[in-house]
Structures are given as C-alpha cells and as structure tokens.
Amino acid sequence: MMRKQTNTLLSALAFAFASATVSVPSMLVASDAVAQEQKASEKKTRRVPTLRGKVYEQLARAQTAADEAGDVEEAISILKEVEDKADSMNAYEKAMMYNFFGFIYYNNEDYTKALESFAKVVEQQPIPEKFEMTTLFSLAQLNLMQGNYDDTITYLERWESLNTGPVPVKNKVIKAQAYYQNKHYDEAAMWISEAVADHEAEGMIPDEGWLILQRAIFYELKQPQKVKDVLIKMVKLFDEPKYWIQLAGMYGELGEERKQLAIMETAYQRGFVNTSADVFNMAQLYYYHRVPYKGAKLMEQAMNDGVLEKNLRNLKFLGQSWSLAKEQDKAIPVMMQAAELSEDGELDAQLAQILLNEERFDDAIAAADRAVEKGELRNPGLVYLIKGMALYNKKQYALALNQLAEAEKHQKSRAMAQQWKQFVQGEKRQADAIAAELGAS
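Residues numbered from 1 in each chain as written. Predicted model: local features only at pLDDT ≥ 70, side-chain atom pairs only at ≥ 80, totals over all residues. Heavy atoms only, no water.

With respect to the overall build of the protein
For clarity, the threshold we go by: Put simply, DSSP marks the helices as runs of H or I at least four residues long and the strands as runs of E at least two long, and each gets a number from the N terminus on. Residue exposure (1.4 Å probe, protein chains only): buried if accessible area is under 20% of the type maximum, exposed if over 50%, otherwise partly exposed. Whether two residues are in contact is decided by their heavy atoms: any pair within 4.5 Å suffices. Residue exposure ignores everything except the shown protein chains as possible cover, and the areas themselves are Shrake-Rupley values with a 1.4 Å probe.
In terms of regular secondary structure, the protein is built from 23 helices and zero strands. By residue count, 46% of the 441 residues in the protein fall in the buried class. Summarising the internal contacts of the protein: among those between residues at least 6 apart in sequence, 56% fall at separations of at least 24. Only carbon and sulfur atoms are counted for the fraction: they give 47% of the accessible area of the protein, which is about 22600 Å².

Okay, here's the thing in structure tokens:
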C-alpha cells in the first residue's frame, strides 16, 4: 500500500516540477471522481508559483525514506527540515509539503495529524484549483471517518464554491451521512433523496449503502410509508432475506397486516424465515389472522429442527396455537410442558380448562390443584369453578359443592359458581333420593 501510493506521489511531484499548472492527485480519492463536474475552460486560470527543484529534491528524499527504507520517522524528519525553511517557500511548495505530511501520517494511521496536514494544504494560496478541490474532498471524507461532521460539511461546501457544475452525487451522499450523524434528519433526507434520484435519472442503480442510509433517515423522521417504499426498492434490487423481513415488519407498522403476512409467506417459501425471531413473528401473524394451525406447524417444525428453543414463551404460544386450531390432542402435551416451566399457576389453570372441555376430569382436577398450589392467578375463583365442575361430572357432588363454595368467594366467578351450585344441589338431592329409594327397597 505504502509503496504503491508513494510511487504515485513521486510521479506527481515530477510532473508538478515540470509544469506548475498541473494538480497533484490526493492520496485518499481519485481526482477524476471529485472534480468531474469542474469546467476549467470556463474559469480564469489561477497564476500558481512553480515547484522549485531544490524543494522537489527534499520531498523526493522523504518519499524515498518512506517507500524504499520504510522509515516513516526519517521521512517525517526530512519534511520537518523542509518545513523549517517554510519562510522561503511559495504557497504551492508549502501545499505540496503539507500534502506529503498528510499522506505519510494517513498511511501510518495517525489520522489526527493527517487531518491537520491536509487542512494546511488548502490554507496555502494560490495553489492549483484542481489540487485544492481534490484535497478539500479528501478532507471531507477523512473528517467523516473521524466523526467530525460539521467539518465534513464545511469542506464540502468549500469544494462546491469552486465547482462550476452541478453538485456530484458523491458529495450529496457524504453530506447526507454527516447530517444524519449530527441528527439533522430533514437535511439528511433532502441530500440522500437527491443523490438517489440523480443516480436513477442517469439509469444507474443506487448503491445499496445509500438506500440503507435513506431508510434509516426516514425511520428517524418517523415516516414509515417512505421507509416501506425504500424497502420495496431494496427487495427488488438486492433480494436480501433481511430486506424481505424488514419490509414485512413495516407493513405491520402501517397496519397492513395482510400484506405483512403475504410478504412473510413469500419469504418463508424462499427460505428466508430461518431465525427464531422470524419464526415466532410469523407464527404470531398466523395466530392473529385466525390460521393458527399453520403457525403451530411452523413452530413445531422449527423446534424439531433446533431453530426454536423449547422455552416457556415458545411452548406456551405453541400450545395456545394448537388449542385455537382445535387440535387439543396436540395442545395438551405442549401446555403441560409449558406449565412445568412456569413458576405461577396461570398455565396450569388454562390447562385445567382445556382438560375439562376434553372430559379428562381427573387430569383437570390435578391441573387445577397445581394452579392453586403455585398461586399468582389472575382469576383464582375460576380454578375452583373448574374443579367443582370436574367433580360434578365424576358425580362427587359433596366435593363439587365445596369447590363451588370456594369459587363463590371470588367476585369474578361468583355468579357462575352460584348457578352451578344450584344445579349441583338439585342433582345431589335427586341422587340422594334415588339412593334412599334403592336402599329402602
């Protein structure tokens, strides 16, 4: 890297020595990319002093030390000797010297000193305009890398003051990045949108990073419709799994749940739904859209494949999905696993209700007992009501009435408990009468 770039500099120095009107390419960016819009023929030519041979020789010495010997300290020492004679040097010579300082510091990853050196380049006047523009653009880029966003914008605006044509797309993107990092989202949105539109107007595909930035800006501006539009474009252009999932999420945020599910199903069919979070979100969508069977099958497969962990949250939702799908034979064992992992009795209470409905009365009673033992129930009276109903179905009327009396103590279950109490009392009286009659005979 060092050899290639220092050789480039040496060639530039030699050419600059032969003709003082030529610019020196920046070490950070290609000059063609940053000065493409300049129309030098329409501007007055600057009168620039020449680069004298003795200065060139010293700069070449420093270049040799950095390149051939790999001695950065020696190269900097030579340049400092040149800098000591700065009073006798013209603006162009000083600019070349500081440019080489900046180049060496940059390659030595001393970016603070590199910035200081490149900043001194553009302080020297007059220097070739193209050289100044190239350095200004390099300063903008390097300041962006270093998080100096205000300076990034300042140097770009100085570049634009020298430019005679339209603002290039690359400038707009860098401005958008700087404004975004400074949390000036409106300005960032304007510049990135112009950059993308300009590029598309030329029949070119915007860089993926530009669209990522545009999406992030619109998200910060709380403009989900625009975020969605950018994601649609990203899906079409780059077809990345993450963009499909993000697009589905944005449809959900916009309240377009049917489109959200359609995008997720397409993503699933293409093999893009493969993380535990994506699987669970898709199962939730199926549940919300009243197709819980699909969601349960999806989760079951993901658990079998090891994608989805068999933890409390996942087992609970899987059981609820099977239950809503009226697949109670599948729901019950899953709910039992979930209940075993739960510290409170809520899942045991839900399980007791399902078991009662399936006429598995002994299991319902056992689940209700576990729910009471664990406690922390939202509706404790319901558990006693379930147990009372199960005991009634087992024709254990006295025990059933005891449980219904407990249910009657809780406001939420009181009315239902009283109705069942009257019914069970009637059944008990009838059973007692039959028993008495049979005993008498």
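A look at the layout of surface pockets
Over the atoms, a rolling probe the size of a water molecule traces out where space has been left empty. Quick note on the threshold: The way it works is a 1 Å grid over only the protein atoms, where trapped points that fit a 1.4 Å probe form a cavity and open points with protein on both sides within 12 Å along at least five of seven lines form a pocket, and then any residue with an atom within 4 Å of a point lines it. Grid points are joined across faces, edges and corners, and a volume is the space filled by probe spheres set on the points. When residues are grouped by polarity, Ala, Val, Leu, Ile, Met, Phe, Trp, Tyr, Cys and Pro land in nonpolar, Asp, Glu, Lys and Arg in charged, and all others, Gly among them, in polar.
As a volume, the second largest pocket reaches approximately 190 Å³. Around the second largest pocket, the lining comprises 14 residues; the ones closest to its centre are Ala349, Gln350, Gln353, Ile354 and Leu382. Contributions of two or more residues to the lining of the second largest pocket are made by helix 19 (346-357) and helix 21 (380-393). The greatest single-element share of the lining of the second largest pocket, amounting to six residues, is contributed by helix 19. For the lining of the second largest pocket, the per-class residue count stands at five nonpolar, six polar and three charged.

Considerations on the confidence of the model for the protein
The following threshold applies: pLDDT: the predictor's confidence for each residue, scored from 0 to 100.
When pLDDT is averaged along the protein, the result is 88, and 89% of the positions lie at 70 or above. In the model of the protein, helix 2 (residues 31-34) stands out as the element of lowest mean pLDDT, 36, in contrast to helix 11 (residues 208-220), which has the highest, 98. Counted against residues more than four places away or in other chains, residues 1-42, with its pLDDT under 50, gives 91 contacts.

A look at the nonpolar core
Rule in force here: Residues enter a nonpolar core if they are buried and are Ala, Val, Leu, Ile, Met, Phe, Trp, Tyr or Cys, with the set joined through side-chain atoms within 4.5 Å.
Core analysis: the largest hydrophobic core is formed by 137 residues, its most contacted members being Leu79, Met97, Ile104, Ile192, Ile217 and Met299. Residue contributions to this core peak at eleven residues, all from helix 5 (residues 91-107). Not counting residues within four places of it along the chain, the set of residues in contact with Leu79 comprises Leu59, Ala62, Met97, Phe100, Phe101 and Ile104.

A word on the packing of aromatic side chains
What counts is decided by this rule: Note on aromatic pairs: the rings of Phe, Tyr and Trp (six-membered ring only in Trp) are paired at centre separations within 6.5 Å, and the planes decide the class, stacked below 30 degrees, edge-to-face beyond 60, tilted for the rest. Look at NZ for Lys and CZ for Arg. If either is within 6 Å of the ring centre and within 35 degrees of the ring normal, a charge sits over the ring.
Per the counting criterion, the structure on display carries 15 aromatic pairs. Considering the side-chain rings of Tyr392 and Tyr397, the 5.9 Å spacing of their centres and the 45 degrees angle between planes classify their relative orientation as tilted. One cation-aromatic arrangement involves Arg313 over Phe280; the distance from NZ or CZ to the ring centre is 3.6 Å. The ring of Trp322 carries Lys330 above its face, with NZ or CZ at 5.2 Å from the centroid.

Notes on a negative patch on the surface
Operational definition: The patches reported here contain residues having more than 30% relative accessible area and no salt bridge. Joining distances are 9 Å for like charges and 5 Å for nonpolar side chains (Val, Leu, Ile, Met, Phe, Trp, Tyr). Whenever a carboxyl oxygen of Asp or Glu lies within 4 Å of a side-chain nitrogen of Lys or Arg, that contact is scored as a salt bridge. A residue counts as positive if it is Lys or Arg and as negative if it is Asp or Glu; His and the chain ends are not included. All charge positions are set by atom: Lys at NZ, Arg at CZ, Asp at CG, Glu at CD.
A contiguous patch of negative charge on the surface is contributed by Asp71, Glu73, Glu74, Glu81 and Asp84. Structurally, the position occupied by Glu74 is in helix 4 (residues 72-83).

What about the packing of helix 4 against helix 5?
The condition that has to hold: Here an axis means a line fitted to C-alpha atoms, over the contact stretch when the element is a helix, while the angle between two N-to-C directions is reported on a 0 to 180 degree scale. Geometric relationships in this document are graded by angle, where less than 35 degrees denotes roughly parallel, more than 145 denotes roughly antiparallel, 65 to 115 denotes roughly perpendicular, and other angles denote oblique. Each crossing is labelled by how the near helix is turned from the far one, with a counterclockwise turn of less than a right angle marking it left-handed and a clockwise turn marking it right-handed.
Look at helix 4 against helix 5: their axes get within 10 Å of each other, and the N-to-C directions meet at 160 degrees. Judged by the inter-axis angle, helix 4 sits roughly antiparallel to helix 5. Two packed elements cross with a definite hand, and for helix 4 against helix 5 that hand is left-handed. The residues of helix 5 that touch helix 4, namely those facing Val72, Ala75, Ile76, Leu79, Lys80, Val82 and Glu83, are Met97, Tyr98, Phe100, Phe101, Ile104 and Tyr105. Taken together, the residues of the contact of helix 4 with helix 5 break down into eleven nonpolar, no polar and two charged.

Details of helix 13 (residues 241-253)
To keep things clear, this is the line we draw: By this rule the span expected of a helix is its residue count minus one, scaled by 1.5 Å.
Compared with an ideal rise of 1.5 Å per residue, which puts 13 residues at 18 Å, helix 13 spans 19 Å between its outermost C-alpha atoms and is within 8% of the ideal. Against helix 11, helix 12 (224-238), helix 14 (257-269) and helix 15 (276-288) lie the buried residues of helix 13. Gly255 occupies a position one or two residues after helix 13 and carries a positive phi of about 80 degrees.

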